[in-house]
Amino acid sequence: VQLQASGGGLVQTGGSLRLSCAASGSIFRLNDMGWYRQAPGKQREMVARIGTGSTYADPVKGRFTIARDNAKNTVYLQMYSLKPEDTAVYYCNAQVKTSTDRPYMDYWGKGTQVTVSS
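Nothing here was measured: the structure is a model prediction, and the numbers come from that model.

Visitor: Kindly report on the pattern of salt bridges, identifying the contributing residues and their values.
Guide: In total, this model carries four salt bridges according to the counting rule given. Of the charged contacts in the structure, one is a salt bridge between aspartate 86 and arginine 37, with a shortest N-O distance of 2.9 Å. Of this pair, aspartate 86 sits in the loop between β8 (74–79) and β9 (88–97) while arginine 37 is found in strand β4 (residues 29–38), placing the two residues 49 residues apart along the sequence. Across this residue pair, the class does not change: aspartate 86 and arginine 37 are buried. Aspartate 58 is the partner of lysine 61 in a salt bridge, and the nearest nitrogen-oxygen pair spans 3.0 Å. Put simply, Arg37, Glu45, Arg63 and Asp86 are held in one network by salt bridges that share partners.

Structure representation (structure tokens):
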């Protein structure tokens with residue numbers, strides 16, 4: 001299973017970016033998908049997750065929106081009103097079952113850099 005993230009870049013404060021992450025490979029069933037981020041010197045933290053519903057970290061509520069396209073095994077993160085503190089490497093995550101007799105396992109993308117300049 002591979003997760004390919006894209007859409008990161010450099011943006012000014014107040015700008016917007018849209019991240020995409022497509023899952024491919026031996027996917028029998030896809031459960032929750034989500035986005036995490038890790039800033040320099042900090043631990044990785046959850047940004048948003050989507051399954052039957054969606055969950056957001058407090059710092060991004062009202063500014064970020066997570067969505068998924070099940071037909072494409074793709075999760076998106078639309079980010080508005082970006083702030084310098086949103087600067088981080090953003091990683092996508094997916095819970096994947098590769099066959100009927102296997103449990104769900106966590107898979108991670110390689111990350112995409114988001115830099116917000118002040």
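Visitor: Help me get a handle on the nonpolar core, residues and values and all.
Guide: Formed by 29 residues in total, the largest nonpolar core has its most connected members in Trp35, Val47, Phe64, Leu77, Met79 and Tyr90. Looking at this core, the elements with two or more residues in it are β1 (2–6), β3 (17–24), β4, β5 (45–50), β7 (64–69), β8, β9 and β11 (112–117). Considering each element in turn, this core owes the most residues, five residues, to β9.

Visitor: How would you sum up unusual backbone geometry? Please name residues and give values.
Guide: Phi is positive for asparagine 73, close to 50°, though the residue is something other than glycine. Along the chain, asparagine 73 falls in the loop between β7 and β8. A positive phi angle, close to 50°, is found at serine 81, a residue other than glycine. Relative to the assigned elements, serine 81 resides in the loop between β8 and β9. For serine 81, a relative accessible area of 41% translates into the label partly exposed.

Visitor: Talk me through the side chain of threonine 112; I want residue IDs and the actual numbers.
Guide: Along the chain, threonine 112 falls in strand β11. Given the relative accessible area of 10%, threonine 112 is considered buried. A polar atom in the side chain of threonine 112 sits 3.2 Å from the backbone nitrogen of glycine 8. Once you skip the residues sitting within four places of it in the chain, threonine 112 turns out to touch Ala5, Ser6, Gly7, Gly8, Leu19, Ala88, Val89 and Tyr90.

Visitor: So what's going on with the packing of aromatic side chains? Which residues, and what values?
Guide: Scanning the entire structure with this criterion turns up one aromatic pair. On the numbers, 5.0 Å between centres and 70° between planes, the contact of tyrosine 36 with tryptophan 108 is edge-to-face. Linking tyrosine 36 in strand β4 with tryptophan 108 in strand β10 (residues 105–108), this pair joins segments that are 72 residues apart in sequence. Tyrosine 36 sits in the buried class, given a relative accessible area of 17%. Cation over ring: arginine 18 sits above tyrosine 76, and NZ or CZ is 4.2 Å from the ring centre. The ring of tryptophan 108 has arginine 44 lying over it, and the distance from NZ or CZ to the ring centre is 4.7 Å.

Visitor: Talk me through the sheet that holds β1; I want residue IDs and the actual numbers.
Guide: Strand pairing within a sheet occurs via backbone hydrogen bonds; the two strands may be parallel or antiparallel. Strand order in the open sheet formed by four strands is β1-β3-β8-β7, and the pairing between neighbours is antiparallel. The open sheet has two edge strands with one neighbour each: β1 and β7. On average, each strand axis in the sheet is tilted by 15° relative to the strand beside it, whichever way the strands run. Bridge count for β7 against β8 is six bridges, and the pairing is antiparallel. Bridge pairing in β8 links threonine 65 to glutamine 78.

Cut-offs used in this document
Note on numbering: residues in each chain are counted from 1, in written sequence order. Reporting in this predicted model follows two pLDDT cut-offs: at least 70 for local features of residues, and 80 or more for side-chain atom pairs to be given and counted; totals over whole chains, interfaces and linings ignore these cut-offs and use all residues. By convention in this description, side-chain values take in all heavy atoms of the structure and omit both hydrogens and water. By convention in these notes, a salt bridge is any Lys or Arg side-chain nitrogen within 4 Å of a carboxyl oxygen on Asp or Glu. The way it works is that DSSP assigns letters per residue, a run of H or I at least four long becomes a helix, a run of E at least two long becomes a strand, and they are numbered from the N terminus. Whether a residue is buried, partly exposed or exposed follows from its accessible area with a 1.4 Å probe, protein chains only, as a fraction of its type maximum: under 20%, in between, or over 50%, in that order. Buried residues of nine kinds, namely Ala, Val, Leu, Ile, Met, Phe, Trp, Tyr and Cys, make up a nonpolar core once their side-chain atoms join them within 4.5 Å. We define a polar contact as two N or O atoms separated by no more than 3.5 Å, with the added condition that, inside protein, one atom must be a possible hydrogen donor and the other a possible acceptor, whereas residues neighbouring each other in sequence contribute only through side-chain atom pairs. The contact criterion used throughout is that any non-hydrogen atoms of two residues lie within 4.5 Å. Here a pair means two rings of Phe, Tyr or Trp (six-membered ring of Trp) with centres within 6.5 Å. Their orientation is stacked below 30 degrees between planes, edge-to-face above 60, and tilted elsewhere. The rule for a charge over a ring is simple: NZ of Lys or CZ of Arg within 6 Å of the ring centre, and within 35 degrees of the ring normal. Here, a strand pair is defined by DSSP locating no fewer than two bridges between the strands. Fitted lines through C-alpha atoms serve as axes, helices being fitted only where they are in contact, and the angles separating the N-to-C directions of these axes extend from 0 to 180 degrees.

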